[in-house]
Amino acid sequence: MAQDHAHDHDHDHDDHTPITAEAAPGYYEVMETAVREILIEKGYLTANDIRHQIEVLDSRTPALGAAAVARAWTDPAFKARLLENGRTACEELGISFYDDTQLIVLENTAEVHNLIVCTLCSCYPRPVLGLPPDWYKLKPYRARAVSEPRKVLAEFGTIIPDDVEIRVSDSTAVIRYLVLPRRPEGTEGWSEAQLASIVTRDAMIGVIPVTLEKEAA
Amino acid sequence: MNASPLASVVPALKELPAFSEGQRVRVLERAPIGHYRVPIYLRRHVGTVERVIEPAMIDNEEEGYGRNAGNRLHYYRVSFRMTEVWTRYDGSPRDELHIEIFETWLEQA
């Protein structure tokens, strides 16, 4: 690498490959820039407000949802509050809701399997899970999750028996959904942190169950 | 007998939800131009109110155009049988779809 670091650290210098944007900005990119500049110019927002909000969004990861799930698995009173009002229960844990959305937590049981989708766009419980995965925003998942959920789940490797009801929640307006997965067998006596480590993003969207094999992932 | 003053409180128009849990409702078949939040695949279908979402909130569709005043109503979490929405649905007849729908899109079925 051409870069000559005077300081001592051990990161992989291959990561220094610069990210370049060679294509001309597209229609929506130009519109976003124009709107942003007008809002700043007219004093509705400052550049720092925008920067800060990006920082807020980047601070949200599936680890937050996993912490709420692990708490619900170990604390029945918290679980009851989480199912009653997802937002206020998550706020108890210090997870703030910056976007005026409500949160409904859907519990998976032996009788019901929940799956989340937004057919109109990409509504997602961002305060507790961060940004959605790309497939969640693409049309094939959005269209098929509501019309053939069992096939979609099978493609994720999740086979739901016919006697288990599939409940698809299409989030379109002010409510966001989070799936409370079933606690896997063999986790008796685990600490909250151990439990949180096996709860993945996809399990909280409802496309897979939580399994012990995910521990290292 | 002294009636509690609380019993005589009169709510404002549209302050209370128009539909209640367990009620059968139909999604209106409309095709507005512009910003809407009700997917086309559910229009005209009949479902059941699972939950009235409190508190009342402003209409997202109007908010999209900066009109917020006076349009606070309730959202309802409505459930539909998959087999009712999709005539050729391949799965358990118990499978359901749940969605939140603003009051202006519903009528009693």
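Going by the annotation in an unreviewed UniProt entry, the name recorded for chain B is Nitrile hydratase, with Sphingomonas pokkalii given as the source organism.

If you check an unreviewed UniProt entry, chain A appears there as nitrile hydratase from Sphingomonas pokkalii. According to the UniProt record, the Catalytic activity (unreviewed entry) comment for chain A reads "an aliphatic primary amide = an aliphatic nitrile + H2O". Listed in UniProt under the heading Sequence similarities (unreviewed entry), the comment for chain A reads: "Belongs to the nitrile hydratase subunit alpha family."

Just to check I follow, could you spell out the interface of chain B and chain A for this structure?
Put simply, an interface is often sized by how much accessible area is lost when its parts join up. Contacts between the two partners involve 24 residues from chain B, matched on the other side by 28 residues from chain A. Both sides together, the interface formed by chain B and chain A hides about 2200 Å², and carbon and sulfur atoms give 51% of it. Three residues stand out in chain B for area buried against chain A, namely B:Arg77, B:Arg94 and B:Glu100, and they jointly supply 26% of the buried area on that side. Across the chain B-chain A interface, the total number found is two salt bridges. Between B:Asp95 and A:Arg150 there is a salt bridge, with the nearest N and O atoms lying 2.8 Å from each other. Viewed at the interface, chain A and chain B are joined by 16 residue pairs in polar contact (both at pLDDT 80 or more). For the side of chain B that touches chain A, the elements supplying multiple residues, two or more each, are β2 (46-58), β3 (72-81) and β4 (96-102) of chain B. In terms of residue count, the dominant contributor to the side of chain B that touches chain A is β4(B) (five residues). Counted by class, the side of chain B that touches chain A contains twelve nonpolar, four polar and eight charged residues.

How each quantity is defined
Residues numbered from 1 in each chain as written. Chains lettered and ligands numbered in written order. Predicted model: local features only at pLDDT ≥ 70, side-chain atom pairs only at ≥ 80, totals over all residues. Heavy atoms only, no water. UniProt positions renumbered as here; feature names shortened; annotations may be inferred. Contact = heavy atoms within 4.5 Å. Buried area = accessible area lost by both parts, 1.4 Å probe. Salt bridge = Lys/Arg side-chain N within 4 Å of Asp/Glu carboxyl O. Polar contact = N/O pair within 3.5 Å; in protein donor to acceptor, adjacent residues only side chain to side chain. Helix = DSSP H or I, 4+ residues; strand = E, 2+ residues; numbered from the N terminus. Nonpolar A, V, L, I, M, F, W, Y, C, P; charged D, E, K, R; others polar.

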